[in-house]
Amino acid sequence: MIAGYSGADLAIALINVLLLGLLFVVGVAIARMRSLFAIVMLSGIYSLISATWFVALDAVDVAFTEAAVGAGISTALLLGAMLLTARTAKPEKGAMQIVPILVVLATGAMLVYATIDLPAFGDPDSPANTYVGTDYLERTPREIAVPNIVTAVLASYRGFDTLGETGVVFTAALAVILLLGFGERSLSATFNRKKDKK
């Protein structure tokens, strides 16, 4: 037994470590790939593993969003964009190979430094467990009768905000589709090519 863990807690901890390990492996594979198709597919796999990890963390709503946007819409849009460009990425030369790893290390160091001021896990006096959070916990069963507090907040208390976010995602996807030339323009180009062949 691992110190401090037993039974179900140990299983959850091992699942979290396994999923994080898979994310690390897939991330390294993405960084070393040159085939754009393989990169797009691995990015979708990365999103699905992330969604699974969010489910393990009891953040089902975030998992749905990650699966739908990260693995679904983003993969489809990237595949569409890939049709208009080269199939392989050009290798970086000279000192430019060092720049991405330096950016990653600097960002990681800042994130680790930022966690020093975070409250302890499960701290009842943390901001997440005080102020408006307790108000939602007390009012949701009485006012909405939805067992999942996060769902109640997103779909009811912050319903207009969620609707606005959905509109932003839809508008962004529509703009990308128009920029890539899907729809009527691509259909007309296809018909013109067929006419030229005849």
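Residues numbered from 1 in each chain as written. Predicted model: local features only at pLDDT ≥ 70, side-chain atom pairs only at ≥ 80, totals over all residues. Heavy atoms only, no water.

An unreviewed UniProt entry lists the protein chain under the name DUF4040 domain-containing protein, with Henriciella barbarensis given as the organism.

Asker: Describe the overall build of the protein chain, naming the residues involved and giving the relevant values.
Answerer: Along the protein chain, the regular secondary structure elements total 8 helices and 0 strands. When the helices and strands of the protein chain are listed from N to C terminus, the series reads α-α-α-α-α-α-α-α. A total of 198 residues make up the protein chain; the buried ones form 16% of that total. Sequence separation of 24 or more characterises 47% of the internal contacts of the protein chain that already satisfy a separation of 6 or more. With an accessible surface of roughly 14700 Å², the protein chain has 71% of that area assigned to carbon and sulfur atoms. (Helix = DSSP H or I, 4+ residues; strand = E, 2+ residues; numbered from the N terminus. Buried < 20%, exposed > 50% of the residue type's maximum accessible area, 1.4 Å probe, protein only. Contact = heavy atoms within 4.5 Å. Areas by Shrake-Rupley, 256 points an atom, 1.4 Å probe, with all protein chains shown as cover.)

Asker: Describe the packing of helix H5 (residues 132-143) against helix H6 (residues 149-157), with residues and values.
Answerer: At a minimum axis separation of 10 Å, H5 and H6 run at an interaxial angle of 75°. If you check the angle between H5 and H6, you find them roughly perpendicular. Facing H5, whose interface residues are Tyr136, Leu137, Arg139, Thr140 and Glu143, H6 presents Ile149, Ala152, Val153 and Tyr157. Per-class residue counts for the contact of H5 with H6 are 6 nonpolar, 1 polar and 2 charged. (Axes fitted to C-alpha atoms, helices over the stretch in contact; angles between N-to-C directions. Parallel < 35°, antiparallel > 145°, perpendicular 65-115°, else oblique. Nonpolar A, V, L, I, M, F, W, Y, C, P; charged D, E, K, R; others polar.)

Asker: Please set out a nonpolar patch on the surface residue by residue, giving values where relevant.
Answerer: On the surface, a cluster of nonpolar side chains totalling about 480 Å² of accessible area is made up of Ile98, Ile101, Leu102, Val104 and Leu105. Structurally, Ile101 can be placed in helix H4 (residues 99-114). A relative accessible area of 44% places Ile101 in the partly exposed class. (Patch = residues over 30% accessible without salt bridge, like charges linked within 9 Å, V, L, I, M, F, W, Y side chains within 5 Å. Salt bridge = Lys/Arg side-chain N within 4 Å of Asp/Glu carboxyl O.)

Asker: Run through the environment of Leu22, naming residues and quoting values.
Answerer: On the secondary structure map, Leu22 appears in helix H1 (residues 8-32). When its relative accessible area of 37% is taken as the criterion, Leu22 is described as partly exposed.

Asker: Let's hear about the nonpolar core: which residues, and what values?
Answerer: If you look at soluble globular proteins, the nonpolar side chains tend to sit buried side by side. Leu19, Leu23, Val26, Leu42 and Ile49 together form the largest nonpolar core, which totals 5 residues. For this core, the elements supplying multiple residues, two or more each, are H1 and helix H2 (36-56). Not counting the four nearest positions on each side in its chain, Ile49 is found in contact with Leu19, Leu22, Leu23 and Val26. (Core = buried A, V, L, I, M, F, W, Y, C linked by side-chain atoms within 4.5 Å.)

Asker: Which residues make up the packing of aromatic side chains, and what are the values?
Answerer: Each aromatic ring pair is specified by the distance between its two centres and by the angle formed by the two planes. Tallied over the entire structure, the rule returns 1 aromatic pair. Seen in terms of ring centroids, Trp53 and Phe54 are 6.1 Å apart; in terms of plane orientation they differ by 25°. Their pairing is stacked. The exposure class of Trp53 is partly exposed, given its relative accessible area of 22%. (Phe/Tyr/Trp six-rings, centres within 6.5 Å; stacked < 30°, edge-to-face > 60°.)

Asker: An account of the pattern of salt bridges is needed here, citing residue identities and associated values.
Answerer: Here the idea is simple: oppositely charged side chains can pair when their charged atoms come close. Within the structure shown, the criterion is met by 2 salt bridges. Arg139 is paired through a salt bridge with Asp135; the nearest N and O atoms lie 3.0 Å apart. Placement of both Arg139 and Asp135 in helix H5 is noted, with a separation of 4 residues, approximately one turn of the helix. Accessibility expressed as a relative area gives 28% for Arg139, which makes it partly exposed. Its salt-bridge partner being Arg139, residue Glu143 comes within 3.1 Å of it at the nearest N-O pair.

Asker: Describe in detail the packing of H1 against H2, supporting the description with residues and values.
Answerer: Orientation of H1 relative to H2, taken along the N-to-C sense of each, is 165°, at an axis distance of 10 Å. It follows that H1 is roughly antiparallel to H2 by the angle criterion. Crossing of H1 against H2: the hand is left-handed. Residue-level contacts link Ile15, Asn16, Leu19, Leu20, Leu22, Leu23, Val26, Gly27, Ala29 and Ile30 of H1 to Ile39, Leu42, Ser43, Ile45, Tyr46, Ile49, Ser50, Thr52, Trp53 and Ala56 of H2. Residues belonging to the contact of H1 with H2 are distributed by class as follows: 15 nonpolar, 5 polar and no charged. (Left-handed = near helix turned anticlockwise from the far one by under 90°.)

Asker: An account of H2 is needed here, citing residue identities and associated values.
Answerer: Between its first and last C-alpha atoms H2 spans 30 Å; for 21 residues at 1.5 Å apiece the expected length is 30 Å, and the two agree. Buried within H2 are the following residues: Ala38, Ile39, Val40, Leu42, Gly44, Ser47, Ile49, Ser50 and Ala51. Just beyond H2, the residue with positive phi is Asp58, at close to 65°. (Expected span 1.5 Å × (residues − 1).)

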